[in-house]
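One-letter residues, chain by chain:
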Amino acid sequence: MKKIKFRALALLLTAAMALTAIVTGCKGNAKQSEGTKPGIGYPRGTITIIVPFAPGGGVDSFARVVAKYSEKYVGAPMAVVNKDGASGEIGWNEAAKSKPDGYTLAATVSPTTLVQPRLRKEGMSGYQPDDLEPIAVMSRLPSAIFVRKDSQFKTLEDLIAYAKQNPGKLTVTNNGNFGVDHIFTLQLEKELGIKVKRIVYKGGSEALKDVLGGKVDVMIANAMWAVQQADNLRPLAVAADERFKLAPDVPTLKEKGYNVVNYITREISVPKGTPQEVKEHLDKAFGAMAADPAFVEEMNKLGLPVTYMTMNEATKFRSDLEKDIGWIIESFKKGDK
C-alpha cells in the first residue's frame, strides 16, 4: 500500500513539474514572439495605411511595397486603403482625425501636405501640417517632363519652341491642384517662358492613359515613370540637381540652362498624439525595412529610389521645406493656376 501511495505521489509531482514547464515555456514563447515589439504590446492587429490618391499611381505603388514588408519589420500586416479626392485632402483629413494609436498611418508627400492647408478659404476646416507627424521619408525623387514615344517632340528644345509659338495650346497633365505637379508646372512656365494648359487628374494612372492615348501632349510627373513606362514614354528632362540614377541618360533642366529643381517625397506619417513609444517602434521598423536589399530592389523596379530619413531627420526636412515654400503659396493665392 505504501509503495502504491509513493508511486501515486511521484506521479503527481512529475505531472505538476511538467505542467509548470509547459506554462513557463508558453510565457517564454509569448515573450519571444513579440520580436521587435518593445514591451508595449504593439502592434496586435492589422495596421491601415491611407493612400489619398487613386490606385495605380506613385503613392499607391509605394504604399503597397511598404505594406508587403510590414509584417516582417513592423510586426503586423498592413492594409492599403485608397481615399482619393480633392488632391489628397480627403484621405489626409481622414488620417489626421483617426485615433492616434499607431493603427492608422498615412502615405504623405511633401511639399503637397504643407501647401494645401495654407490655401483653404477662410473658415474651411481640414488637417494642418502638424496634424500628421512624419515617421520616415522612404523615397525622394525629382519631377520630370514626359511625352509618348511617338510624340512630335523629340527633345526639350522641340517642346519649348512649340509652346512659345502656340501660347496656352500645349496640354500637360497635373495630378490634382496645388500639388507637386502644379508647382513644377508653374516653375516651367516661369523659367522656360512658356504658357501651357493644365489638365487635372485624380491620379497618375488616369493621366498616363490619356497621354498614351494621345489626348494630352505632355505628362508632368515624377521621374519614376521613366522606369515604369520606359517602353511607352520618352522623358525629356528631370528637375534635379543631378541626373536621376535610375534613368541616367535623361538630362537635367539645369544642364539645359534652366534653373528648375523640384522633388517629391514618399513618406509615412501618423496622426498627432500617437504615443512616443509607438513612433519609436515604427521609426526602427521602417529603418530596417529601408536597409533590406529586397525592399530596395522592389522600389527601384518601380522607379522609386530609397532615400531614407529617420523620424527626426524627416521632421527637420519638413520643417526646413516649409520655410522655402512661401513663393509657392503666394503664386497660388494670386491665382497662378
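Above this text is the structure in question.
What counts as what
- Residues numbered from 1 in each chain as written.
- Predicted model: local features only at pLDDT ≥ 70, side-chain atom pairs only at ≥ 80, totals over all residues.
- Heavy atoms only, no water.
- Helix = DSSP H or I, 4+ residues; strand = E, 2+ residues; numbered from the N terminus.
- Expected span 1.5 Å × (residues − 1).
- Buried < 20%, exposed > 50% of the residue type's maximum accessible area, 1.4 Å probe, protein only.
- Phe/Tyr/Trp six-rings, centres within 6.5 Å; stacked < 30°, edge-to-face > 60°.
- Lys NZ or Arg CZ within 6 Å of the ring centre and 35° of its normal.
- Lys, Arg positive; Asp, Glu negative; His and termini not counted.
- Salt bridge = Lys/Arg side-chain N within 4 Å of Asp/Glu carboxyl O.
- Polar contact = N/O pair within 3.5 Å; in protein donor to acceptor, adjacent residues only side chain to side chain.
- Contact = heavy atoms within 4.5 Å.

> Would you explain helix α6 (residues 180-192) in this entry?
In this model α6 runs 18 Å from its N-terminal to its C-terminal C-alpha over 13 residues, within 8% of the 18 Å that 1.5 Å per residue would give. Burial in α6 covers these residues: Val180, Asp181, His182, Ile183, Phe184, Thr185, Leu186, Gln187, Leu188, Glu189 and Leu192. Following α6 by one or two positions, Gly193 has its phi on the positive side, about 70°.

> Help me understand the packing of aromatic side chains, please; the structure alone is not making it clear to me.
For any two aromatic rings, the description comes down to two numbers: the centre-to-centre distance and the angle of the planes. On inspection of all chains with the given rule, the structure shows five aromatic pairs. Their ring planes at 65° and their centres at 6.2 Å tell us that Trp92 and Tyr127 sit as a pair that is edge-to-face. One end of the pair, Trp92, is in helix α3 (residues 89-97); the other, Tyr127, is in the loop between α4 (112-115) and β4 (132-148), and 35 residues separate them in sequence. Within the aromatic cluster, the residues linked to one another by ring pairs are Phe53, Trp92 and Tyr127. Over the ring of Tyr127 we find Arg120, and its NZ or CZ is 5.1 Å from the ring centre. Over the aromatic face of Tyr263 sits the side chain of Arg140, whose NZ or CZ is 3.9 Å from the ring centroid.

> I'm lost on the side chain of Arg234 in this one. Help?
Here Arg234 lies in strand β8 (residues 233-238). Among buried charged residues, Arg234 stands out as having no salt bridge; its nearest opposite-charge side chain is Asp150, 7.2 Å away. A polar atom in the side chain of Arg234 sits 2.5 Å from the backbone oxygen of Lys149. From its side chain, Arg234 meets the backbone oxygen of Phe153 in a polar contact 2.9 Å long. The residues touching Arg234, leaving out its near neighbours within four places in the chain, are Ile145, Phe146, Val147, Arg148, Lys149, Ser151, Phe153 and Lys154.

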